[in-house]
Amino acid sequence: EPEVTQTPSHQVTQMGQEVILRCVPISNHLYFYWYRQILGQKVEFLVSFYNNEISEKSEIFDDQFSVERPDGSNFTLKIRSTKLEDSAMYFCASILPPEAFFGQGTRLTVV
Amino acid sequence: ELKVEQNPLFLSMQEGKNYTIYCNYSTTSDRLYWYRQDPGKSLESLFVLLSNGAVKQEGRLMASLDTKARLSTLHITAAVHDLSATYFCAVDRSARQLTFGSGTQLTVLP
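Residues numbered from 1 in each chain as written. Chains lettered and ligands numbered in written order. Predicted model: local features only at pLDDT ≥ 70, side-chain atom pairs only at ≥ 80, totals over all residues. Heavy atoms only, no water.

Caption draft 1: Summary view of the interface of chain A and chain B. Opposite the 23 residues of chain A that make contact, chain B presents 20 residues. Across the chain A/chain B interface, buried area totals approximately 1,800 Å², and carbon plus sulfur atoms make up 54% of it. Area buried by chain A at its contact with chain B is led by Lys42(A), Pro98(A) and Phe102(A), which between them contribute 28% of it. In this assembly, chain A and chain B are joined by 1 salt bridge. The set of elements that each furnish at least two residues to the side of chain A that touches chain B consists of β4 (31–37), β5 (43–50), β6 (53–57), β9 (88–96) and β10 (99–102) of chain A. Partitioned by chemical class, the residues of the side of chain A that touches chain B number 12 nonpolar, 6 polar and 5 charged. (Contact = heavy atoms within 4.5 Å. Buried area = accessible area lost by both parts, 1.4 Å probe. Salt bridge = Lys/Arg side-chain N within 4 Å of Asp/Glu carboxyl O. Helix = DSSP H or I, 4+ residues; strand = E, 2+ residues; numbered from the N terminus. Nonpolar A, V, L, I, M, F, W, Y, C, P; charged D, E, K, R; others polar.)

Caption draft 2: Layout of the nonpolar core. Core analysis: the biggest nonpolar cluster contains 25 residues, and Leu32(B), Trp34(B), Leu74(B), Ile76(B), Tyr87(B) and Leu106(B) have the highest contact counts within it. Listing elements by their share of this core, those giving two or more residues are β2 (10–14), β3 (19–25), β4 (31–37), β5 (43–49), β7 (61–66), β8 (71–76), β9 (85–92) and β11 (104–109) of chain B. Here this core takes 4 residues from β9(B), the largest share from any one element. Contact partners of Tyr87(B), with chain neighbours within four places excluded, come to Gln6(B), Ile21(B), Tyr35(B), Arg36(B), Leu46(B), Leu61(B), Leu74(B), Gly103(B), Thr104(B) and Leu106(B). Leu21(A), Phe32(A), Ile79(A) and Tyr90(A) belong to the second largest nonpolar core, which has 22 residues in total. (Core = buried A, V, L, I, M, F, W, Y, C linked by side-chain atoms within 4.5 Å. Buried < 20%, exposed > 50% of the residue type's maximum accessible area, 1.4 Å probe, protein only.)

Shown next, in the form of structure tokens:
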């Protein structure tokens, strides 16, 4: 199975700090998504990205969040000022329909 | 708004038994996916179903899709302990997002 790579695997940050989560999607894929999963709960959609712009975003994806594909390969999720409730597993997905593969996730812990 | 409902949410079954997980969705979709998640791990792709009547099988798992009923099933045959995990269905419309069900936590008991 093709691989989607996320870094770091685990990040601990203080409340109010900025974090950047990174993803390297599959090279010929076109659509990129971010999801989060609070421990033991549902997989929640954050944002989708296509052709270098956001195509859809959820209510969770407020002004504290942003996404970029700065160099044509990496796909990043930035949280500007983290809150305790941002603690979750964050997954990147790489899509070329019908293929849809997820990275191994970044566990974000806000203290 | 697309809604995806899975049931049951929790399932304990004995080894060797058969069972079915159900996934209902509220509007037409382009694709339906099944994923497996082990605790603390990522979402492992199991199946993608594209059209009405599609059936796919891998080992003891078989997935099917009825687009008219907006229903997909994941059937487990002769369960073994290694199948213990959480199973998610997810529905895609126009490649804008995958909407996930709540997941079914499966425990296979010896």
